[in-house]
There are 2 protein chains.
Amino acid sequence: MPNGNTAPGIIATGPIVADLEAVVADAAAGDRLPSVRELMARHRAGPATVQRAIAALAARGLVEARPGRGTFVAARASVPAAAPDHSWQTVALGPRAIDADPLEALLQVPDPDVIVLSTGYLPAELQPVAALGAALARAARRPGVWDRMPAEGLAGMRTHFAAAVGGGATAGDVIVCPGGQAALGTCLRGLAAPGAAVIVEAPTYLGALLAARTQGLRPVPVPADEHGVRPDLLADALHESGARLVYLQPVHANPHGATLALERRADVLAAVRAAGAFLIEDDAFRELSLGAPEPPPPLFHDDPDGHVVHVRSLTKPSAPSLRISAVVARGPAAARLRAARIVEDLFVSGPLQEAALELVAAPAWRAHLRRLRKVLRERRDALAAAVEEQLGPLEDRAAARLAGLPSGGINLWVRLDPGEDDRELARRAAAAGVVVYPGRPFFAAEPPAPFVRLTYAAEPPERLAEGVKRLAAVR
Amino acid sequence: MPNGNTAPGIIATGPIVADLEAVVADAAAGDRLPSVRELMARHRAGPATVQRAIAALAARGLVEARPGRGTFVAARASVPAAAPDHSWQTVALGPRAIDADPLEALLQVPDPDVIVLSTGYLPAELQPVAALGAALARAARRPGVWDRMPAEGLAGMRTHFAAAVGGGATAGDVIVCPGGQAALGTCLRGLAAPGAAVIVEAPTYLGALLAARTQGLRPVPVPADEHGVRPDLLADALHESGARLVYLQPVHANPHGATLALERRADVLAAVRAAGAFLIEDDAFRELSLGAPEPPPPLFHDDPDGHVVHVRSLTKPSAPSLRISAVVARGPAAARLRAARIVEDLFVSGPLQEAALELVAAPAWRAHLRRLRKVLRERRDALAAAVEEQLGPLEDRAAARLAGLPSGGINLWVRLDPGEDDRELARRAAAAGVVVYPGRPFFAAEPPAPFVRLTYAAEPPERLAEGVKRLAAVR
């Protein structure tokens, strides 16, 4: 059997290297290193080992061997380190800058004095932390839970998502993903080639816009009103752009809260079918429906031929760190999306899937959702009342408002007066202690009017009212 | 305040819709539905509500309204559902097939009778499951742990990785990712535009090859021998291809186990610098060093100007479902990679990060690594002895063998005789109850010889020997 030690390498050179590094650090350029003999004695090592340690330092440019004379501290080691020069990177990276700023702003955790009307997540007091903690603690100790998981997810988790989606979805149609953003990325990457057009609503979820742009896709906007996306303009845009991919949130859309009207569903699907396109149905907010009108079933139900790829997440109705979502797809697209997931990160961590499954299967989950909806309804109404009181009657704006009081989700979408600057207002608001989200990043192109998005999830009613008061004061 | 119910939608139409669905299911095409008046009485609902329920079914193509005559079951509802036609998808998806098969084969969990010489992960009995379970159970109940996390990861986790990498890496250089495959994907996506060339060793980790291809990159192979990648050919390939990105595993490379020789490090870095290129240094196996010769420090140490982007993972030395890794980068590249991570999946789940941090900070982690190395050494030696006994003396193959007995990692890379078919042999082996991995998927282009990769991590010595016996029997 061969001896691995015959390969060039270092055998226990660590202490000698460390010793020499210390010598070099204290020495000046050109100083002579201790001889091989001295180092052999000092470290009780053989000559080959010492030579390997010296070679290691030489390879790093710290010392120079001068044959027959010894080894010397190299010039570069003793001068103060020059500032690193990263400028070559700008050329190597090229012009494909990735804009994550709008998403990052959503993720920021402001200090407690600041009133948050901007976050996309439930605050800690509305998260089912006790149930989650108990479920994960149990999952963490289950045999096999730390092992590799099936690429498409745990069978139980897939069954749960299939039942939640309905419309004939089976566990075999489900691919479990690590959160909604990851699921969107997989769909966008899998279903469209770089450079292709993807149709989005105007406005639409900014995380989808950024993911599309990062992948070299061209988001093409189609106006949405209070009844959801306009089917006539969708058909027009599909034809005009040649897009084979549409991204919609048909229920409680972020940011404007609209739900696609029943009357439009058939036309939307007909336009998608006529274009031979996929429709990514991002159903992130269905679990946050706030009562009547109840949301219509997923478009997935009305699509026998695999045009609709449905995306569902457990993060929104539970907690930000329960990063479990699902893609539901049929046909060759399902195979491609599954392959894309494997190549992207192999599988979703076992304990998280087990905990998520226990969470949603427990009776406490229904109770959590009921309580959550009640609290969100109160907060929505409180925020809407404050907006009406502080920013002017909502009714006056009806003609130009994208959507009225949303029947679900966590956002109010407030139109500003013509000429108001949404970003400037958001900056002034932040300085005044209230964080709101400007409307512009939710549009793929020019917005039709200035908007701000006000989220009612993260604060109790009295702080929502105080926040709007602060906002009104800086308009 | 506006009334949300004025938007078109459904108010408590659910029971009526369900009733009508049942009617439709039992009816023939053309049958008349109960009248609006009948349905109003049956469900104690107003006419608008009933009309909305009917519209919902009409939108799904289940019923047809014939003005003045009533509503009738649509033709399509009563015929047996046609087989779905997904053939349009093939055109929409285009020719960008994603090949995940080789990775998927690595992830398969074979039945217990089968001897596994193919997995890339530690088996359950070598995972620190008790420590992991306890750490995660504690983390699951920590306040705030379910909330959103910083995009770049927990401060403690970043500090850990910075210290593990050394060479002046700071916590600020670290981006925490959900597993090594995700980290590689982020680096490949962030550092090269679609269509660009990326230099890889031949052979190289197949997960990197598949990730590169999935992103539209062109993997360009450069031969590696028992001393790692050939610097002269690397410089040549960089020049020839115009690549600005190199992917290497300089320590205990997968599959061939080679460690880049000290003498080659300066030349490799010089070639990368001369090309103005990035070098992704995938250091997945450092923690699985099996004693002398100890591995040299990361190339990251010798790179002041930000060419080396270092990737480190906790998965390999712990357990498959501890999906925590890190990218360490400096300069504008670090900003781009961080932005890419945010757009890809926002952040890594809090409890997993907290558990990983507790795991690696505990004294038991060192003890785990010591025990693990001891067991892996025994298994490596047992597998090598079995290969020598069953497949012929390893020494006889020295001239053409890529690397001898590996000084770390979990793989033996065994050259077959000229003309042997590695994939056919793997198929025959599987039929004989031993899973081995053919060499071909580890090469970006034609392999110089047939190989099989034999992993010694997953089985005890006696089963390793039995596995090789089964393999030898089907050659």
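Residues numbered from 1 in each chain as written. Chains lettered and ligands numbered in written order. Predicted model: local features only at pLDDT ≥ 70, side-chain atom pairs only at ≥ 80, totals over all residues. Heavy atoms only, no water.

1. Describing the interface of chain A and chain B
Now for step 1: Counting residues at the interface gives 116 residues for chain A, matched by 116 residues for chain B.
Now for step 2: Roughly 10,100 Å² is buried in total at the junction of chain A and chain B, and carbon and sulfur atoms are behind 64% of that figure.
Now for step 3: Our enumeration of links across chain A and chain B arrives at zero salt bridges.
Now for step 4: The tally of links between chain A and chain B comes to 32 residue pairs in polar contact (both at pLDDT 80 or more).
Now for step 5: Per-element tally for the side of chain A that touches chain B: the top contributor is helix H13 (residues 332-345) of chain A, with 10 residues.
Now for step 6: In terms of residue class, the side of chain A that touches chain B is made up of 67 nonpolar, 24 polar and 25 charged. (Contact = heavy atoms within 4.5 Å. Buried area = accessible area lost by both parts, 1.4 Å probe. Salt bridge = Lys/Arg side-chain N within 4 Å of Asp/Glu carboxyl O. Polar contact = N/O pair within 3.5 Å; in protein donor to acceptor, adjacent residues only side chain to side chain. Helix = DSSP H or I, 4+ residues; strand = E, 2+ residues; numbered from the N terminus. Nonpolar A, V, L, I, M, F, W, Y, C, P; charged D, E, K, R; others polar.)

2. Remarks on the sheet that holds strand S14 (residues 437-438) of chain B
Note: strands within a sheet are paired through backbone hydrogen bonds, in either parallel or antiparallel orientation.
Residues and elements named next belong to chain B.
Now for step 1: Overall, antiparallel pairing links the three strands, which are arranged S12-S15-S14 in an open sheet. Either end of the sheet is taken by a strand with one partner, and the two such strands are strand S12 (411-415) and S14.
Now for step 2: Contacting S12 and strand S15 (451-455), helix H15 (residues 363-391) crosses the sheet at an angle of about 15° to S12. (Pairing = 2+ DSSP bridges. Axes fitted to C-alpha atoms, helices over the stretch in contact; angles between N-to-C directions.)

3. Quick notes on the pairing of strand S5 (residues 197-202) of chain A
Residues and elements named next belong to chain A.
Now for step 1: Of all the six residues making up S5, six are buried; the element is thus mostly covered by neighbouring parts of the structure.
Now for step 2: As paired strands, S5 and strand S6 (residues 218-225) are joined by six bridges and run parallel to one another. Bridge assignment links Glu 201 to a residue of S6, and that residue is Val 222.
Now for step 3: Handedness of the crossover joining S5 and S6 through helix H10 (residues 206-214) is recorded here as right-handed.
Now for step 4: Pairing analysis gives two bridges linking S5 to strand S8 (residues 245-248), with the strands arranged parallel. The residue bridging Val 200 from the neighbouring strand is Tyr 247, located in S8. (Buried < 20%, exposed > 50% of the residue type's maximum accessible area, 1.4 Å probe, protein only. Right-handed = clockwise from strand over helix to strand, strands pointing away.)

4. Observations regarding the relation of the copies chain A and chain B
Now for step 1: For the match of chain A to chain B, the screw axis carries a shift of 0.1 Å, the RMSD comes to 0.1 Å, and the turn is 180°. The two molecules are tied by a two-fold rotation axis, judged by turn and shift. Rotation axis and chain A: the residue whose C-alpha lies nearest the axis is Ala137(A), separated from it by 1.9 Å.
Now for step 2: Comparing contact sets, 99% of the residues at the interface of chain A also lie at the interface in chain B, consistent with an isologous, same-surface contact. (Least-squares fit on C-alpha atoms with pLDDT ≥ 70 in both.)

5. Remarks on the sheet that holds strand S12 (residues 411-415) of chain A
Residues and elements named next belong to chain A.
Now for step 1: Taken together, three strands build an open sheet; the order of strands is S12-S15-S14 and the sheet is antiparallel. Sheet topology places S12 and strand S14 (437-438) at the edges, where each strand pairs with a single neighbour.
Now for step 2: Pairing geometry for S12 and strand S15 (residues 451-455), over five bridges, is antiparallel. Bridge pairing in S15 places Leu 412 opposite Leu 454.

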